[in-house]
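Residue strings, one per chain:
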Amino acid sequence: MSTISDVARRAGVSAMTVSRVVNGSGAIAPATRERVEAAIAELGYVPNALGRQLRSKRTRMVGLVLSDITNPFFTTIARGVEDLAREAGYHVVFCDTDESDAEERRAITALVERQVDGILLVPASQEVPTLPLLAARRIPVVVLDRRIREPGIDSVATDSIAAARLLARHLLGLGDDGLSQRDLAQMQATAEQITFAERRAMSAERDAIDRYIAAFLAERVGAEFDGKITGVTRF
């Protein structure tokens, strides 16, 4: 197995110069860079990631903890995270908790052991008991899609309440003759994205939105309607 010293000898440069070329740091003359890259290709040199991690104290890895990888919404998130991470020179470690608090703890603990540089988390519930561990290790965390009780945590979430409001008004404006199967599917999908916590936090307008959506679902699907959407039905 070739070493950085082997590459340096082949290219006629110092090991430090090879390191700068590999890490993309420092000013390197184009001709020197070409010699180093050619030597790397000829010798099949692969940098020691562990050694770089020890020196820089960074792994260039981020953890993405999803609650349900089979959910198309989270699949789209995963694709976007992977694309942006690649552009920034990071690798993504994916974890799926299957909406389980216990699996979430295992996943986050494993990512901490891998010394990831940050974690993107779709929490299984409003309580995230591993937050103190992440804070102690100074690992940044961003919560995605859902809200948690812990204050001061960065988060990125869809405004499901506003989406439901707009959808309900749109569908009411269509009337019975204007509703299609596609409208029904979109209405149910949007209703399911409103979490219980969001529903509790809604103002008086919440009740009207719930009635609109639930009434449409009851009429079109034939489900019993009690005037409230009180849970999430997967299908």
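Above this text you will find the structure in question.
Bear in mind that the values here come from a model prediction, so they are computed numbers and not experimental data. (Residues numbered from 1 in each chain as written. Predicted model: local features only at pLDDT ≥ 70, side-chain atom pairs only at ≥ 80, totals over all residues. Heavy atoms only, no water.)

1. Examining helix α6 (residues 101-113)
Defined as follows: Secondary structure elements are defined from DSSP: runs of H or I of at least 4 residues count as helices, runs of E of at least 2 residues count as strands, and each element is numbered from the N terminus. Between the first and last residue of a helix there are one fewer steps than residues, each counted as 1.5 Å, and that sum is the expected span. Throughout, exposure labels follow a simple rule: accessible area from a 1.4 Å probe, protein chains only, divided by the maximum for the residue type, with under 20% read as buried, over 50% as exposed, and the rest as partly exposed. Here the arc refers to the directions that run from the helix axis out to each C-beta atom. Contacts are assigned to residue pairs with any non-hydrogen atoms lying within 4.5 Å of each other. Two N or O atoms count as a polar contact when they lie within 3.5 Å, although within protein this holds only if one can serve as hydrogen donor and the other as acceptor, and sequence-adjacent residues are included solely when both atoms are side-chain atoms.
Over its 13 residues, α6 runs 18 Å from end to end, which matches the ideal 18 Å to within 8%, given 1.5 Å per residue. Every buried residue belonging to α6 is among Glu104, Ala107, Ile108, Leu111 and Val112, and all of these are buried. Seen along its axis, α6 keeps its buried residues to an arc of 135°; they face one direction. Seen from the open side of α6, the exposed residues pointing more than 90 degrees away from its buried face are Arg106 and Glu113. Those residues of α6 that are buried are in contact with β1 (61-66), β2 (91-96), β3 (118-121) and α7 (131-136). The backbone nitrogen of Ala102 has a side-chain oxygen 3.3 Å away, supplied by the residue at the start of α6, namely Ser100. Following α6 by one or two positions, Gln115 adopts a phi angle in the positive range, close to 60°.

2. Regarding the environment of Glu82
Structurally, the position occupied by Glu82 is in helix α5 (residues 72-87). For the pair Glu82 and Val92, spaced 10 residues apart in sequence, the C-alpha to C-alpha distance is 6.3 Å. Those residues in contact with Glu82 that sit more than four places away from it in its chain are Val92 and Phe94.

3. Topic: the packing of helix α1 (residues 4-11) against helix α3 (residues 30-43)
Two measures define how a pair of helices packs: the angle their axes make with one another and the distance between the axes. Just so we agree on the cut-off: Here the axes come from fitting lines to C-alpha atoms, over the contacting stretch only for helices, and the angles between their N-to-C directions go from 0 to 180 degrees. Angle categories: roughly parallel below 35 degrees, roughly antiparallel above 145, roughly perpendicular from 65 to 115, and oblique for all the rest. Each crossing gets its handedness from the near helix: less than a right angle anticlockwise from the far helix is left-handed, clockwise is right-handed. Residue type decides the class: Asp, Glu, Lys and Arg count as charged, Ala, Val, Leu, Ile, Met, Phe, Trp, Tyr, Cys and Pro as nonpolar, and the leftover types, Gly among them, as polar.
Across the interface, α1 lies against α3 with an axial gap of 9 Å and an inter-helix angle of 125°. It follows from the interaxial angle that α1 and α3 lie oblique. Seen from above, α1 lies across α3 with right-handed handedness. Across from Asp6, Val7, Arg10 and Ala11 in α1, the residues of α3 making contact are Arg35, Val36, Ala39, Ile40, Glu42 and Leu43. Taken together, the residues of the contact of α1 with α3 break down into six nonpolar, no polar and four charged.

4. What about the pattern of salt bridges?
Under the convention used in this document: Salt bridges are counted wherever a side-chain nitrogen of Lys or Arg sits within 4 Å of a carboxyl oxygen of Asp or Glu.
As enumerated under the stated definition, the model contains eight salt bridges in all. Arg9 serves as the salt-bridge partner of Asp6, at 2.5 Å between the closest nitrogen and oxygen. With Asp6 and Arg9 both in helix α1 and three residues apart, the pair spans about one turn of that helix. By relative accessible area, which is 25% here, Asp6 ends up partly exposed. A salt bridge links Arg106 to Glu103, with the nearest nitrogen and oxygen atoms 2.4 Å apart.

5. Details of the pairing of strand β4 (residues 141-144)
The condition that has to hold: Any two strands with at least two DSSP-identified bridges between them are counted as paired. Crossover handedness is defined here as right-handed if the route from the first strand over the helix to the second strand goes clockwise, with the strands pointing away from the viewer.
Note: β3 against β4, three bridges, orientation parallel. Across the sheet, the residue bridging to Leu121 is Val143, located in β4. In this fold, β3 hands off to α7, which returns the chain to β4; that crossover is right-handed. The pairing of β4 with strand β5 (residues 155-156) spans two bridges and is classified as parallel. The residue bridging Leu144 from the neighbouring strand is Val156, located in β5.

6. Re unusual backbone geometry
The backbone of Gln115 shows a phi angle near 60°, a positive value even though the residue is not glycine. Tracing the chain through its elements places Gln115 in the loop between α6 and β3. Backbone geometry places Asp145, a non-glycine residue, at a positive phi of 75°. Here Asp145 lies in the loop between β4 and β5. By relative accessible area, which is 17% here, Asp145 ends up buried.

7. Describing helix α2 (residues 15-23)
Listed in full, the buried residues belonging to α2 are Thr17, Val18, Ser19 and Val21. Against the buried residues of α2 lie α1 and α3. Positive backbone phi, at 65°, marks Gly24, one or two positions downstream of α2.

8. Thoughts on the environment of Leu131
Tracing the backbone shows Leu131 in helix α7. Overall, the relative accessible area of 9% leaves Leu131 in the buried class. With 26 residues separating them in the primary sequence, Leu131 and Arg105 have C-alpha atoms 9.9 Å apart.

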